[in-house]
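This is what each chain is made of:
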Amino acid sequence: MIGLLDFDGKIPNLALMKISTYYKSQGIPVELVKPGRKYEKVYCSVLFSWNREKAARLQVIYPDIEFGGTGYDISKTLPPEIEACQPDYDLYTVDDILPRIRGGIATKASKIRKAEEIINAGIGFTSRGCVRSCGFCVVPKKEGRLHHVAEIRDLLNSRSNVLILLDNNITADPDCIEKLHEIRDRGLVTDITQGIDVRLMTPEIAKALSEVKLLRSLHYAWDLMEFEDQVMRGIKILMQHVPAWKHMCFMLTGFNTTFEEDMYRFRRLRELGVDPYVMPYNLTYPSEKHRHFTRWVNGRIYKACSFEEYEPWVKAQAMEKQVSLI
């Protein structure tokens, strides 16, 4: 029996699904790891580097464990014979996905429907790599320059018309518009998980995006202050075809921006009617002010009060003042 361990993913893990297909094709049983069971070999995928040490402790339980994933070793890839496999869409069940979508105000029934939607979706890349070389991103080192790897038709799951598209920078793809048109013409509902590079927005791409049925908001990023003009230009072009309430902008914080610059980006986005979402670069050691700012933005509390009025931050400041007087 082969055990597969998806250590910190939110959606089904493509690499583990391909490993499952490979071993099942040889008549070897495969399952997601269940506590207490013994396995001939365990494969563990770690997506986030801050979980690397925690995952490594699993070697005590599973001596013959093999680690992979961006968070563990960006140089490690699947063997060609496994990479060529189609994903095993029977690997994950609703019960495997439900714990990953806990929280929020959705009912249990709606969360079950969401989990069913996820496990029945097609998933994969049509391109890998990126045209950018951002200092905070491992994609260029891991995957190189943007290159074609598959067609839209290769990623479909016959169980549904939902597609989880993993491409790192679809707007940089020379075939971007053609792929979006194919998604539209096939009637697919698509989640562009890595978002779009809004700096590359054109009226033609914006129109093509507006014709695609999206599983969730259309998201992009404003990571560095130096790209303000390009980001603003791209957002305004996109808004000519996709209304602002369908946008979400990820804001990288804690990399090379000050708190004042983070607040500035937040306010510029809100002026356009775009919802920001803070993505801390360093999850382990953010400042207290930054932690409160992240909760205030991501919890949409800014719609109820200003940051200066945000009660947890007000209390934290008062407590700090009392400590300084002791």
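Residues numbered from 1 in each chain as written. Predicted model: local features only at pLDDT ≥ 70, side-chain atom pairs only at ≥ 80, totals over all residues. Heavy atoms only, no water.

### Digging into helix 5 (residues 108–119)
Point 1. Look at helix 5: 17 Å from first C-alpha to last across twelve residues, which is about the 16 Å you get at 1.5 Å a residue.
Point 2. Every buried residue belonging to helix 5 is among Lys111, Ala115, Ile118 and Ile119, and all of these are buried. Projected onto a plane normal to the axis of helix 5, the buried residues spread over an arc of 90° and lie on a single side.
Point 3. Buried residues belonging to helix 5 abut helix 4 (94–97) and strand 8 (162–165). (Helix = DSSP H or I, 4+ residues; strand = E, 2+ residues; numbered from the N terminus. Expected span 1.5 Å × (residues − 1). Buried < 20%, exposed > 50% of the residue type's maximum accessible area, 1.4 Å probe, protein only. Arc of directions from axis to C-beta. Contact = heavy atoms within 4.5 Å.)

### A closer look at the pattern of salt bridges
Point 1. Scanning the entire structure with this criterion turns up 26 salt bridges.
Point 2. Note that lysine 41 and glutamate 66 form a salt bridge whose closest N and O atoms lie 3.3 Å from each other. Note that lysine 41 is positioned in strand 3 (residues 41–45) and glutamate 66 in strand 4 (residues 65–68), a separation of 25 residues in sequence.
Point 3. Under the relative-accessibility criterion, lysine 41 is labelled buried at 17%.
Point 4. On the basis of relative accessibility, which here comes to 29%, the residue glutamate 66 falls in the partly exposed class.
Point 5. With a closest N to O distance of 2.7 Å, glutamate 211 and arginine 184 form a salt bridge. On the criterion of sequence distance, the pair formed by glutamate 211 in the loop between helix 8 (203–210) and strand 10 (213–214) and arginine 184 in helix 7 (residues 176–185) is long-range, its members being 27 residues apart. (Salt bridge = Lys/Arg side-chain N within 4 Å of Asp/Glu carboxyl O.)

### Focus on the packing of helix 7 against helix 8
Point 1. Across the interface, helix 7 lies against helix 8 with an axial gap of 9 Å and an inter-helix angle of 15°. Here helix 8 runs roughly parallel to helix 7, going by the angle between their axes. The interaxial crossing formed by helix 7 with helix 8 has left-handed handedness. Two secondary-structure elements touch here, helix 7 through Cys176, Ile177, Leu180 and His181 and helix 8 through Glu204, Ile205, Ala208 and Leu209.
Point 2. Considering only residue class, the contact of helix 7 with helix 8 consists of six nonpolar, one polar and one charged. (Axes fitted to C-alpha atoms, helices over the stretch in contact; angles between N-to-C directions. Parallel < 35°, antiparallel > 145°, perpendicular 65-115°, else oblique. Left-handed = near helix turned anticlockwise from the far one by under 90°. Nonpolar A, V, L, I, M, F, W, Y, C, P; charged D, E, K, R; others polar.)

### Digging into unusual backbone geometry
Point 1. Even without a glycine there, the phi angle at arginine 300 is positive, about 55°.
Point 2. Relative to the helices and strands, arginine 300 is located in the loop between helix 11 (288–298) and helix 12 (311–325).

### Digging into the side chain of aspartate 173
Point 1. Topologically, aspartate 173 is positioned in the loop between strand 8 and helix 7.
Point 2. Engagement of the side chain of aspartate 173 in a polar contact is seen with the backbone nitrogen of aspartate 175, the distance being 2.8 Å.
Point 3. Ignoring anything within four residues of it in the chain, the contact list for aspartate 173 reads Thr126, Ser127, Leu146 and Lys179. (Polar contact = N/O pair within 3.5 Å; in protein donor to acceptor, adjacent residues only side chain to side chain.)

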